[in-house]
Amino acid sequence: MIATLSFYAFAAVLIASAVMVVTSRNPVHSVLFLILAFFNAAGLFLIAGAEFLAMILVIVYVGAVAVLFLFVVMMLDIDFAQMREGFQRYAPIGAIIGGILLLELFMVVTVWRFAPEAAALRLNPNPEGVTNAEALGRILYTDYIYLFQGSGIILLVAMVGAIVLTHRDRPGTKRQDVGVQVARAGTVSVRSVPTGAGLKEIGIERPPSPDDEKPRQVEHQHGGHH
Amino acid sequence: MDFFFTHPLGILILTVVKALALLVPLLVGVAYLTYAERKVLAAMQLRKGPNVVGPFGLFQPFADAIKMLMKETIVPTGANRVLFLLAPMLTFALAMIAWAVIPVNDGWAIADINVGILYLFAISSLGVYGVIIAGWASNSKYAFLGAMRSAAQMVSYEVSMGFVIVTVLLCVGSLNLTEIVRAQSTIWFAIPLFPMFVIFFISTLAETNRAPFDLPEGESELVAGFFVEYSSMSFALFFLGEYANMILMSALTTILFLGGWLPPIDIAPFNWVPGPVWFVAKICLCLFTFIWVRATFPRYRYDQLMRLGWKVFLPLSLGWLVLTAFVLKLAGWLPA
């Protein structure tokens, strides 16, 4: 009973927040509703017994992807009047795409059937005696290893591409190179100093640099008359 | 007695009691962590620290809490009211719910779930939302800059933290936190995986926005960063959340690397001490290091922070992960 109740609760909040993603006027609110939607989807995964997928959904989508979304959306300078300008023009295209998706959903529910071999697996996401993560790993890293690696490479290429496209080498910028700084001779020296006497008292004002010859003799300021 | 283990209502009551038994000591711990931090910092800077309220200043945390409660909650005019008030609650709630899976002793966890470590990682990666929402909803430049810094910083350090956790999981063969501790009964992972231990500890400093990575609240340039506009209880919730997160991260370090509730050596005087005492002692050691680091190091510059995360920790942790996998495979030490 609790599982059924929580299923309906998660599903209702999921659909409501998905609607709010599209309808809310403030894009930041949209992203926050999207995050709520991800959460409820993770809840649905949990009810289905797929705890690994639920956690990965939260870590990847909520913890990383949505943070970047929010990052970008918050910095957008949005002109609402301009956004509504093209509504009339684009409305038919949007309606057509929406109609096609709705039709497909309708077909999924009514016309399509599960393959007989898969029907038995459908209600059993956890094979006997194996945890969720292990079951996924056994399939992903054996039967589908090439596809798995291929998708990884595609992501890598996209990442490299994004960096190549946006990276500029401006002339005249100074960069810090920690290695060079550390390797430079004569910048850091360790000396044993008697207690109670400052560095000045023993004639060291700054670490000797290769350019300077000898450290200057320090003038002792005794101040006033004795 | 059967009522508590079989009847749904009984299970609910039992869970609430368990949660309170964990959260009440935790909140007292948070209060005294603020006191400990001020005392330790004072000792390191040759000062006395709080010493007026109560003996040795021991009632100082309560004085602070009462002061916070008495003050007026100010919501700026330009702020987004709902989100402005949601952010501190979110930060505090996330710092609390993560404790649901922490095993204090063998079998002493409120929920000993299969994917415990992933749950903790997920919750800790959500911590950034409290900061971002606070920064954005305050409608203030400084708060917003703090939030931006925090978002970039937390995402950068999470990546290497993830690799470190995967390395530990390779040696354990399970995602369950109790199993992770049990796997360390022969040797704590801090010894064979020492570089990972160091990377993980530094990443937790960055993840909790502690010095030397406290750029999101850098008081010298951003006043107080993301919580400039907060006052009274809403500020107190951020404060509590930050310290509770420090304790949580110390607990995670203890579980992953310092052998959780296990004694250092399994011989007579050590294994007389009960497990939770070891667990708390190890957390205290980590917390002391947190404070020690704060007293010692100056704040990182932003580009240095990013360099450390992406150019040093990421390749290092990835390399060590591959190395660990090789060693485990070739030596035949892979857990079944």
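Everything numeric here is computed off the predicted structure, so don't read it as measured data.

Some details on the interface of chain B and chain A
- Taken residue by residue, the interface counts 26 residues in chain B and 24 residues in chain A.
- For the pair chain B and chain A, the summed buried surface comes to about 2,100 Å²; carbon and sulfur atoms form 79% of the total.
- Together, B:Tyr129, B:Trp136 and B:Met148 form the three largest contributors to the area buried by chain B at its contact with chain A, with a combined 25%.
- Taken together, the connections running from chain B to chain A amount to four residue pairs in polar contact (both at pLDDT 80 or more).
- Every element with two or more residues in the side of chain B that touches chain A is listed here: α5 (116-137), α6 (141-172) and α13 (302-331) of chain B.
- The dominant element in the side of chain B that touches chain A, judged by the number of residues it contributes, is α5(B), at eleven residues.
- A breakdown of the residues in the side of chain B that touches chain A according to their chemical character gives 18 nonpolar, four polar and four charged.

A look at the packing of helix α4 (residues 81-97) of chain B against helix α10 (residues 232-257) of chain B
Residues and elements named next belong to chain B.
- The contact between α4 and α10 brings their axes to 8 Å, and the two run at 25 degrees. Here α4 lies roughly parallel to α10, going by the angle between them. Here α4 runs over α10; the crossing is left-handed. The residues of α10 that touch α4, namely those facing Ala87, Pro88, Met89, Thr91, Phe92, Ala95 and Met96, are Ser234, Leu237, Phe238, Leu240, Gly241, Ala244 and Asn245.
- Each residue belonging to the contact of α4 with α10 can be placed in one class, and the counts come to ten nonpolar, four polar and no charged.

Examining the packing of aromatic side chains
All names here are of chain B.
- One pass over the structure, following the stated rule, counts 17 aromatic pairs over all chains.
- Both rings, one in tyrosine 32 and one in phenylalanine 62, keep their centres 6.0 Å apart while their planes meet at 65 degrees; by these two values the pair is edge-to-face. In this pair, tyrosine 32 is assigned in helix α2 (residues 8-44) and phenylalanine 62 in helix α3 (residues 60-70), connecting sequence segments 30 residues apart.
- In this structure tyrosine 32 comes out as partly exposed when scored by relative accessible area, which is 24%.
- Looking at phenylalanine 62, the relative accessible area reads 43%, which means it is partly exposed.

Conventions and cut-offs
Residues numbered from 1 in each chain as written. Chains lettered and ligands numbered in written order. Predicted model: local features only at pLDDT ≥ 70, side-chain atom pairs only at ≥ 80, totals over all residues. Heavy atoms only, no water. Contact = heavy atoms within 4.5 Å. Buried area = accessible area lost by both parts, 1.4 Å probe. Polar contact = N/O pair within 3.5 Å; in protein donor to acceptor, adjacent residues only side chain to side chain. Helix = DSSP H or I, 4+ residues; strand = E, 2+ residues; numbered from the N terminus. Nonpolar A, V, L, I, M, F, W, Y, C, P; charged D, E, K, R; others polar. Axes fitted to C-alpha atoms, helices over the stretch in contact; angles between N-to-C directions. Parallel < 35°, antiparallel > 145°, perpendicular 65-115°, else oblique. Left-handed = near helix turned anticlockwise from the far one by under 90°. Phe/Tyr/Trp six-rings, centres within 6.5 Å; stacked < 30°, edge-to-face > 60°. Buried < 20%, exposed > 50% of the residue type's maximum accessible area, 1.4 Å probe, protein only.

So yeah, pure geometry; function would need other evidence.
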